[in-house]
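A look at the structure
Next come the chains, spelled out residue by residue.
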Amino acid sequence: MATTAKEEMARFWEKNTKSSRPLSPHVTIYKWSLPMAMSITHRGTGVALSLGVSLFSLAALLLPEQFPHYLAVVKSLSLGPALIYSAKFALAFPLSYHTWNGIRHLV
């Protein structure tokens, strides 16, 4: 007669506890290296770029006004130079990092 999934799991954990084998390695045991950090950052910037393009295109489709209107609204907010440069960096970094890291990978 077949066993249920719950019984299978109970049998698995009982066998694993008796043999006192370690669990599979976890992320915390790995020593961070530069290639690992670059790979994670490359994936993160890829996701950020995908979301950014998707949200920008969705906004372009759904918002009632044209782009120059919204640009004027942002200019009228009189944001400080620190915030402006931070926003520019937040937009430029993912694109430049992802592009140059992709080129580095291809080379």
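Bear in mind the structure is a predicted one, so any value in this text is a computation, not a measurement.

1. Describing the overall build of the protein
Check the secondary structure of the protein and you find four helices and zero strands. Of the regular secondary structure in the protein, the N- to C-terminal order runs α-α-α-α. For the C-alpha atoms alone, the extent of the protein along its principal axes is close to 70 × 40 × 30 Å. Taking all 107 residues of the protein together, the buried fraction comes to 6%. For the protein, the exposed surface amounts to about 9700 Å²; the carbon and sulfur share of it is 72%.

2. Description of the UniProt feature "transmembrane region" (unreviewed entry) in the protein
As annotated by UniProt and renumbered to match this structure, "transmembrane region" (unreviewed entry) occupies residues 44-63 and 83-100. Along residues 44-63 the backbone is 95% helical and 0% strand, and the end-to-end C-alpha distance reaches 28 Å.

3. Some points on the pattern of salt bridges
This structure, assessed with the given rule, holds two salt bridges. Where Arg11 meets Glu8, a salt bridge forms, and the shortest distance between an N and an O atom there is 2.9 Å. One end of the pair is Arg11 and the other is Glu8, both in helix α1 (residues 5-19) and three residues apart, which spans about a single turn. The exposure class of Glu8 is partly exposed, given its relative accessible area of 33%. The residue Lys18 makes a salt bridge to Glu14 at a minimum N-O spacing of 3.3 Å. Taken as a pair, Lys18 and Glu14 lie in helix α1 at a separation of four residues, close to a single helical turn. Under the relative-accessibility criterion, Glu14 is labelled partly exposed at 46%.

4. Comments concerning unusual backbone geometry
With phi around 50°, Ser78 is a residue other than glycine that occupies positive phi space. Relative to the helices and strands, Ser78 is located in the loop between α3 (67-76) and α4 (81-106). Take Ser78: its relative accessible area is 62%, and that puts it in the exposed class.

5. Examining the packing of aromatic side chains
Scanning all chains against the criterion turns up four aromatic pairs. Aromatic pair Phe56 and Phe67: ring centres 6.3 Å apart, planes at 70°, arrangement edge-to-face. You can see Phe56 sitting in helix α2 (residues 34-62) and its partner Phe67 sitting in helix α3, a full 11 residues away along the chain. Between Phe89 and Phe93, the aromatic rings sit 5.5 Å apart at their centres with planes inclined by 25°, giving stacked as the arrangement. Here Phe93 and Phe89 lie together in helix α4, a separation of four residues that amounts to about one turn. Put simply, the rings of Phe89, Phe93 and Tyr97 pair up and form one aromatic cluster.

Reading the values: the criteria
Residues numbered from 1 in each chain as written. Predicted model: local features only at pLDDT ≥ 70, side-chain atom pairs only at ≥ 80, totals over all residues. Heavy atoms only, no water. Helix = DSSP H or I, 4+ residues; strand = E, 2+ residues; numbered from the N terminus. Buried < 20%, exposed > 50% of the residue type's maximum accessible area, 1.4 Å probe, protein only. Areas by Shrake-Rupley, 256 points an atom, 1.4 Å probe, with all protein chains shown as cover. UniProt positions renumbered as here; feature names shortened; annotations may be inferred. Salt bridge = Lys/Arg side-chain N within 4 Å of Asp/Glu carboxyl O. Phe/Tyr/Trp six-rings, centres within 6.5 Å; stacked < 30°, edge-to-face > 60°.

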